[in-house]
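# Observations on the model geometry
Read off the chains here:
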Amino acid sequence: MAEEAQSRRVLGDVAARQLATTQKTIVQTPIITPRWLPRFLAWVPVEAGVYRVNRSRDTGTAQAIVCTSKTEKELPTSYVDYVEKPREYVLSSIKSVVGVHTRISDLYGSPHDQLKEQLRLTIEAMKEKQEDELVNNQDYGLLKNAAPTMRFPTRKGPPTPDDLDELLTRVWKEPAFFLAHPRAIAAFGRECTRRGVPPATVSIFGNAFITWRGIPLVPSDKIPITGNKGASKSSILLLRTGEAKQGVVGLIQAGLPGEQSPGLSVRFMGIDSFTIASYLVSLYCSAAVLVDDALGVLENVDLDFYHDYVWPK
């Protein structure tokens, strides 16, 4: 080291950095996604944690309604019967306890607050879990709650424009968006390219989405993929959203103590004898399909089919 120091004529990098301030980022993590599904859903605040979906009874017959120009014609009497035991959705809770040693937060809180970072990363993970539950939950998840009549397979495996058109015939009353894994959207794009009908794009929330028949295809990595490489399968969903349209709605609890955002709260739990401060993070949510034709599912979508293009010489 002495010989190296003697051979230099100026201060070296290693020594100089001891007096320099290193600029630090907040913690970067690959688990964070755009979480488009919660953004596109219409959310309904639930006051008591329970949401009842009242439906009319499907008798298979039309109401007694007439159109006549004869004033003396006797009008029929009619009524709409209700389902006597409607479904009720109870909000599920996603919870976690964040612990931070007070010594850590006291001594190492600059330039980034350790508690805020711990809470931020925990909340990001919980919101990822929320989107996953909206799709896959066995009670209220979209894939589980699509009616049997609203499910059908692709015609030949890959998701073609014809398949998405068939989805649109099922959810034809003001459809809002398709929901698919990014690989399924890419597979659909390949089929459009093959047919010479490249899908148009639209800007929503400042981001570009490809569309079909004017309906955006929204990506979500929470849509499951099954099968092995080379034989991967997935699903594509089409949703109508909102209470006013008898669509799909997301459910949240309003007015929580310590509320940070709708349905999300952070509450201080105290400091234990080991001087660890604990915070309870809670996220309450659910989803409901108000009528069956608000949600359609295209199943058995082949993700691994590629076309070979032979260009004339």
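Reading the values: rules and limits
- Residue positions are counted from 1 within each chain, in the order its sequence is given.
- Note on the predicted model: pLDDT of at least 70 is required for a residue's local features to be given, and 80 or more for side-chain atom pairs to be given and counted; whole-chain, interface and lining totals, by contrast, use all residues.
- Note that the side-chain values use all heavy atoms of the structure and ignore hydrogens as well as water.
- Going along the chain from the N terminus, every DSSP run of H or I of four or more residues is numbered as a helix, and every run of E of two or more is numbered as a strand.
- Criterion used throughout: strands pair if DSSP finds at least two bridges between them.
- Axis geometry follows a simple rule: fit a line to the C-alpha atoms, using only the stretch in contact for helices, then measure angles between N-to-C directions, giving values from 0 to 180 degrees.
- Contact between two residues is taken to exist if any of their heavy atoms lie within 4.5 Å; hydrogens are not considered.
- The salt bridge criterion pairs a side-chain nitrogen of Lys or Arg with a carboxyl oxygen of Asp or Glu, the two atoms within 4 Å.
- When a residue's accessible area, from a 1.4 Å probe over protein chains only, is under 20% of the maximum for its type it is buried; when over 50% it is exposed; and in between it is partly exposed.
- The directions from the helix axis to the C-beta atoms form the arc being described.
- What is meant by a nonpolar core is a set of buried Ala, Val, Leu, Ile, Met, Phe, Trp, Tyr and Cys residues, joined one to another through side-chain atoms within 4.5 Å.
- For Phe, Tyr and Trp, where Trp contributes only its six-membered ring, two rings pair if their centres lie within 6.5 Å, and the inter-plane angle classes them as stacked under 30 degrees, edge-to-face over 60, or tilted in between.

## Quick notes on the environment of T241
Mapped onto the fold, T241 is located in the loop between β10 (233–239) and β11 (248–253). Along the primary structure T241 and L290 are separated by 49 residues, whereas in three dimensions their C-alpha atoms are 9.2 Å apart.

## Section: the sheet that holds strand β15 (residues 295–302)
The strands making up a sheet associate through hydrogen bonds between their backbones, and the pairing can be parallel or antiparallel. Read across the open sheet, the 7 strands follow the order β5-β15-β10-β6-β9-β8-β7; overall the sheet is mixed. The sheet is open, and its two edges are formed by β5 (151–153) and β7 (201–204), each paired on a single side. Sheet twist, expressed as the mean angle between neighbouring strand axes with direction ignored, is 30°. The sheet strands contacting helix α8 (residues 182–195) are β6 (177–180), β8 (207–212), β9 (215–219), β10 and β15, and the helix crosses β9 at an angle near 135°.

## Concerning the pattern of salt bridges
In the structure shown here, the tally under the stated rule is 21 salt bridges. Notably, a salt bridge pairs D292 with R55, separated by 3.3 Å at the nearest N-O pair. With D292 in the loop between β14 (276–289) and β15 and R55 in the loop between β2 (50–53) and β3 (87–90), the pair connects residues that are 237 residues apart, well separated along the chain. The partly exposed category is assigned to D292, whose relative accessible area is 38%. According to the relative accessible area criterion, R55 is partly exposed, its value standing at 30%.

## What about helix α7 (residues 161–170)?
Taken together, the buried positions of α7 are P161, D163, L164, L167 and L168. Here the buried residues of α7 occupy an arc of 160° about the axis, which is enough to place them on one side.

## A word on the pairing of β11
Burial within β11 is extensive, with 6 of its 6 residues counted as buried. Of the two faces of β11, the one lined by V248, G250 and I252 and the one lined by V249, L251 and Q253 are each fully buried. Judged from the 5 bridges that link them, strand β1 (residues 42–46) and β11 form a sheet pairing that is parallel. Across the sheet, residue V44 finds its bridge partner in β11, namely L251. The pairing of β11 with β14 spans 5 bridges and is antiparallel. Residue V248 lies in a different strand from β14, and its bridge partner there is V289.

## Quick look at the nonpolar core
Membership of the largest hydrophobic core comes to 47 residues, with the highest contact counts inside it found for Y51, L179, L237, L239 and L251. A per-element tally of this core places β14 first, with 8 residues. The residues touching L237, leaving out its near neighbours within four places in the chain, are L142, L143, F177, F178, L179, I223, L295, G296 and V297. Counting 21 residues, the second largest nonpolar core, distinct from the first, contains L168, V171, A180 and C192.

## Thoughts on the packing of aromatic side chains
What describes a pair of aromatic rings is the distance from one ring centre to the other and the angle between the planes of the rings. If you walk through the whole model with that rule in mind, you get 8 aromatic pairs. Following the ring pairs from residue to residue traces out a cluster consisting of W36, F40, F177, F205 and F209.

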